[in-house]
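Architecture and fold: a report
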Amino acid sequence: EAGSFVLSITEASPTPDGSACGVAFEVASLPFEADGDTSDATADVNFAACGELFSGLGSADEVYAFEATEDVELVATLSADFDSALYALSACSGACLAVSELPGNDTTEQLALSVEAGSTTFFVVDGYSDAENEAGAYTLSIAEDEGGGPGPDPIEAEVVVSGFAFQPMELTVP
């Protein structure tokens, strides 16, 4: 049929898929827990801003956004079946607020940080490797810090250096 018509085109809002800060999964309330899998994700974010030797450039990642309504101390915990890294950013290209990257598979990454009311913090579940895609299933938990912080006092914890375990010992100084 011939005639005049009006065509309106609007951009659809992106569906949160966790692939980047603009489409991050929402952390709507605390405590928060999510099961995920980075196997089908892409390598869009990295933790180079955190000053680590490797930055996860080759590994798939997923992003979670938390908007603070009040000043709060947070503890985030990541349990993964791959060599994972957990970090918090003020923006995808912004400052690194905290990072945890323990060597090896099946580790638990944990970090503690303070966030201010009105700020958005991006928690990124990533793989450690720059050269290959470290990816897999994970559970991310974010909660208010009830004073325990991210684990035991480092002086009381077992320390692993290059595959050797060192147990803490008590020293007496005369």
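The written sequence of each chain sets the order in which its residues are numbered from 1. Only residues with pLDDT of at least 70 are given local features in this predicted model, and only at 80 or more are side-chain atom pairs given and counted; all residues enter the totals for whole chains, interfaces and linings. Side-chain measures were taken over the full set of non-hydrogen atoms in the model, leaving aside hydrogen atoms and water.

**Some remarks on the nonpolar core**
Take the buried residues of types Ala, Val, Leu, Ile, Met, Phe, Trp, Tyr and Cys, join any two whose side-chain atoms come within 4.5 Å, and each joined set is a nonpolar core. For every residue, the accessible area (1.4 Å probe, protein chains only) is compared with the maximum for its type, and the residue is labelled buried under 20%, exposed over 50%, or partly exposed between those bounds. One finds Tyr64, Phe66, Leu74, Leu113, Phe123, Tyr138 and Ile142 to be the most contacted residues of the largest nonpolar core, which totals 23 residues. Under the scheme used here, helices are H or I runs from DSSP no shorter than 4 residues and strands are E runs no shorter than 2 residues, and both carry numbers assigned from the N terminus. Residue contributions to this core peak at five residues, all from strand β4 (residues 72–80). Within the second largest apolar cluster, twelve residues are counted, among which are Ala24, Val45, Val63 and Phe122.

**Digging into the pairing of strand β3 (residues 62–67)**
In terms of residue burial, β3 counts as a mostly covered element, since five of its six residues are buried. Here, a strand pair is defined by DSSP locating no fewer than two bridges between the strands. In this structure, strand β1 (residues 25–26) lies alongside β3, joined through two bridges in parallel fashion. From the neighbouring strand, Glu26 faces β3, where its bridge partner is Ala65. Two elements, β3 and strand β8 (residues 120–127), share six bridges in a ladder whose sense is antiparallel. Along β8, the bridge assignment pairs Ala65 with Phe122.

**Section: unusual backbone geometry**
At the junction of Leu30 and Pro31, the peptide bond is cis and its omega measures out at -5° in the coordinates. Positive phi values are uncommon outside glycine, yet Asp106 reaches one of about 55°. Summarising the element assignment, Asp106 is placed in the loop between β6 (96–100) and β7 (108–115). What makes Asp106 exposed here is its relative accessible area of 61%.

**As for the packing of aromatic side chains**
Ring pairs are drawn from Phe, Tyr and Trp, using the six-membered ring of Trp, whenever the two centres fall within 6.5 Å, and their geometry is named by plane angle: stacked under 30 degrees, edge-to-face over 60, tilted for the rest. Summed over all chains, the structure comprises two aromatic pairs. A ring pair is formed by Phe25 and Tyr64, whose centres lie 5.2 Å apart and whose planes are at 45°; its orientation type is tilted. Here the residue Phe25 occupies a position in strand β1, and Tyr64 occupies one in strand β3, the gap between them amounting to 39 residues. Overall, the relative accessible area of 3% leaves Tyr64 in the buried class.

**Describing the confidence of the model for the protein chain**
For every residue, the pLDDT score states the predictor's confidence, bounded by 0 at the bottom and 100 at the top. Looking at the protein chain, the pLDDT average stands at 82 and 78% of residues meet or exceed 70. Low confidence marks residues 152–164, where pLDDT is under 50. Its contacts with residues over four positions away, or in another chain, come to twelve contacts. When checking whether two residues touch, look at their non-hydrogen atoms; a contact exists if any pair is within 4.5 Å.

**Let's talk about the state of the cysteines**
What counts as a disulfide here is a pair of cysteine sulfur atoms lying within 2.5 Å. This structure, assessed with the given rule, holds one disulfide. Across a sulfur-sulfur distance of 2.0 Å, Cys50 and Cys96 are joined as a disulfide pair. Note on the Cys50 and Cys96 pair: the S-S dihedral is about 95°, so by sign convention the disulfide is right-handed. Within this pair, whereas Cys50 is found in the loop between β2 (32–37) and β3, its partner Cys96 is found in strand β6, the two being separated by 46 residues in sequence.

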